[in-house]
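Report on the structure
In case you want the letters, here they are:
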Amino acid sequence: QRFPQENVYVICTEDLRDHPDETMSKISSYLGLPEFDFTNVTNKGMYNVGFHTGYDTVTSWEEIQEKSMEDADDKISNIGYEVELSEELEKDLKAFFEPYNERLFQMTGVN
(Lines give C-alpha, C1' and ligand atoms only; values in the text may rest on other atoms or scores of the structure.)
Protein backbone atom coordinates (compact mmCIF):
# COMPACT_ATOMS: atom_id res chain seq x y z
CA GLN A 1 0.00 0.00 0.00
CA ARG A 2 1.55 3.24 -1.15
CA PHE A 3 -0.84 5.75 0.41
CA PRO A 4 -2.82 5.36 3.61
CA GLN A 5 -6.54 5.24 2.79
CA GLU A 6 -7.20 8.34 4.91
CA ASN A 7 -4.88 10.31 2.59
CA VAL A 8 -6.91 9.52 -0.53
CA TYR A 9 -10.33 11.00 -1.24
CA VAL A 10 -12.23 9.61 -4.21
CA ILE A 11 -15.27 11.20 -5.81
CA CYS A 12 -17.36 10.21 -8.79
CA THR A 13 -17.89 12.71 -11.56
CA GLU A 14 -21.59 11.80 -11.43
CA ASP A 15 -21.69 13.19 -7.88
CA LEU A 16 -20.19 16.46 -9.06
CA ARG A 17 -22.82 16.65 -11.79
CA ASP A 18 -25.83 15.48 -9.76
CA HIS A 19 -25.00 16.92 -6.33
CA PRO A 20 -22.42 19.65 -6.91
CA ASP A 21 -22.92 21.71 -3.73
CA GLU A 22 -22.80 18.70 -1.43
CA THR A 23 -19.84 17.14 -3.25
CA MET A 24 -17.83 20.37 -3.26
CA SER A 25 -18.53 20.85 0.45
CA LYS A 26 -17.31 17.32 1.21
CA ILE A 27 -14.12 17.91 -0.78
CA SER A 28 -13.56 21.24 0.95
CA SER A 29 -14.08 19.66 4.36
CA TYR A 30 -11.71 16.78 3.55
CA LEU A 31 -9.03 19.30 2.57
CA GLY A 32 -9.55 21.20 5.82
CA LEU A 33 -10.71 24.37 4.09
CA PRO A 34 -13.13 26.80 5.72
CA GLU A 35 -16.81 26.25 4.99
CA PHE A 36 -17.93 27.87 1.76
CA ASP A 37 -21.30 28.14 0.07
CA PHE A 38 -20.69 26.85 -3.45
CA THR A 39 -24.25 27.59 -4.59
CA ASN A 40 -23.34 30.74 -6.56
CA VAL A 41 -20.69 28.80 -8.47
CA THR A 42 -22.55 25.54 -9.05
CA ASN A 43 -25.84 27.21 -10.02
CA LYS A 44 -24.13 28.65 -13.09
CA GLY A 45 -23.35 25.21 -14.55
CA MET A 46 -20.27 23.10 -15.09
CA TYR A 47 -16.71 24.07 -15.87
CA ASN A 48 -14.10 22.24 -17.95
CA VAL A 49 -16.79 20.33 -19.89
CA GLY A 50 -16.56 19.20 -23.49
CA PHE A 51 -14.81 21.74 -25.64
CA HIS A 52 -14.70 24.34 -22.84
CA THR A 53 -11.40 23.51 -21.21
CA GLY A 54 -10.26 25.34 -18.12
CA TYR A 55 -12.33 27.22 -15.61
CA ASP A 56 -12.92 30.55 -17.35
CA THR A 57 -15.94 29.33 -19.34
CA VAL A 58 -19.07 27.88 -17.79
CA THR A 59 -21.42 25.49 -19.58
CA SER A 60 -24.91 26.26 -18.31
CA TRP A 61 -27.13 23.54 -16.88
CA GLU A 62 -29.60 24.33 -19.66
CA GLU A 63 -26.95 23.67 -22.32
CA ILE A 64 -25.95 20.47 -20.58
CA GLN A 65 -29.58 19.33 -20.40
CA GLU A 66 -30.19 20.18 -24.07
CA LYS A 67 -27.06 18.32 -25.15
CA SER A 68 -27.96 15.32 -23.02
CA MET A 69 -31.39 15.16 -24.63
CA GLU A 70 -29.87 15.41 -28.12
CA ASP A 71 -27.54 12.48 -27.55
CA ALA A 72 -28.91 9.22 -28.83
CA ASP A 73 -29.04 6.27 -26.46
CA ASP A 74 -26.32 4.51 -28.45
CA LYS A 75 -23.71 7.20 -27.86
CA ILE A 76 -21.30 7.77 -25.03
CA SER A 77 -21.07 11.51 -24.52
CA ASN A 78 -19.17 14.06 -22.48
CA ILE A 79 -20.85 17.24 -23.77
CA GLY A 80 -19.07 17.83 -27.02
CA TYR A 81 -17.32 14.50 -27.35
CA GLU A 82 -19.35 11.63 -28.72
CA VAL A 83 -18.41 8.15 -29.70
CA GLU A 84 -20.88 5.80 -31.30
CA LEU A 85 -20.56 2.26 -30.00
CA SER A 86 -22.23 -0.84 -31.27
CA GLU A 87 -24.21 -2.75 -28.65
CA GLU A 88 -21.70 -5.58 -28.91
CA LEU A 89 -18.68 -3.33 -28.34
CA GLU A 90 -20.35 -1.57 -25.43
CA LYS A 91 -21.19 -4.95 -23.86
CA ASP A 92 -17.60 -6.16 -24.37
CA LEU A 93 -16.12 -2.99 -22.86
CA LYS A 94 -18.39 -3.15 -19.82
CA ALA A 95 -17.51 -6.81 -19.29
CA PHE A 96 -13.80 -6.06 -19.65
CA PHE A 97 -13.78 -3.17 -17.17
CA GLU A 98 -16.23 -4.64 -14.65
CA PRO A 99 -13.68 -6.52 -12.50
CA TYR A 100 -11.37 -3.49 -12.45
CA ASN A 101 -14.22 -1.19 -11.48
CA GLU A 102 -15.33 -3.59 -8.74
CA ARG A 103 -11.78 -3.74 -7.38
CA LEU A 104 -11.58 0.06 -7.43
CA PHE A 105 -14.91 0.30 -5.58
CA GLN A 106 -13.67 -2.18 -2.97
CA MET A 107 -10.40 -0.32 -2.49
CA THR A 108 -11.97 3.12 -2.24
CA GLY A 109 -15.28 2.33 -0.57
CA VAL A 110 -17.00 4.29 -3.35
CA ASN A 111 -19.72 2.74 -5.46
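In the block above lies the structure referred to throughout.
Here we summarise the structure given alongside this text. (Residues numbered from 1 in each chain as written. Predicted model: local features only at pLDDT ≥ 70, side-chain atom pairs only at ≥ 80, totals over all residues. Heavy atoms only, no water.)

Let us look at the layout of surface pockets. Considered as a void within the structure, the second largest pocket measures approximately 210 Å³ in volume. For the second largest pocket, the lining is made up of ten residues, of which Phe3, Gln5, Val8, Met107 and Thr108 are closest to its centre. Tallied by class, residues from the lining of the second largest pocket come to seven nonpolar, three polar and no charged. (1 Å grid on protein atoms, 1.4 Å probe; cavity = no way out; pocket = protein on both sides within 12 Å on 5 of 7 lines; lining within 4 Å. Points joined across faces, edges and corners; volume = space filled by probe spheres on them. Nonpolar A, V, L, I, M, F, W, Y, C, P; charged D, E, K, R; others polar.)

Within the span of helix H2 (residues 20–30), buried status applies to Pro20, Thr23 and Ser28. Around the axis of H2, the buried residues are gathered within 135° of arc, so they sit on the same side. Downstream of H2 by a residue or two, Gly32 has a phi angle that is positive, lying close to 75°. (Buried < 20%, exposed > 50% of the residue type's maximum accessible area, 1.4 Å probe, protein only. Helix = DSSP H or I, 4+ residues; strand = E, 2+ residues; numbered from the N terminus. Arc of directions from axis to C-beta.)

Tallied over the entire structure, the rule returns three salt bridges. Its salt-bridge partner being Lys26, residue Glu22 comes within 3.2 Å of it at the nearest N-O pair. Placement of the pair is Glu22 and Lys26 together in helix H2, with a separation of four residues, close to one helical turn. The partly exposed category is assigned to Lys26, whose relative accessible area is 44%. For Lys94, the salt bridge identified is with Glu90, shortest N-O distance 3.1 Å. Here Lys94 and its partner Glu90 are both found in helix H5 (residues 87–108), four residues apart, which amounts to about one turn of the helix. In this structure Lys94 comes out as exposed when scored by relative accessible area, which is 54%. Residue Glu90 is classed as partly exposed on the basis of its relative accessible area, which comes to 22%. (Salt bridge = Lys/Arg side-chain N within 4 Å of Asp/Glu carboxyl O.)

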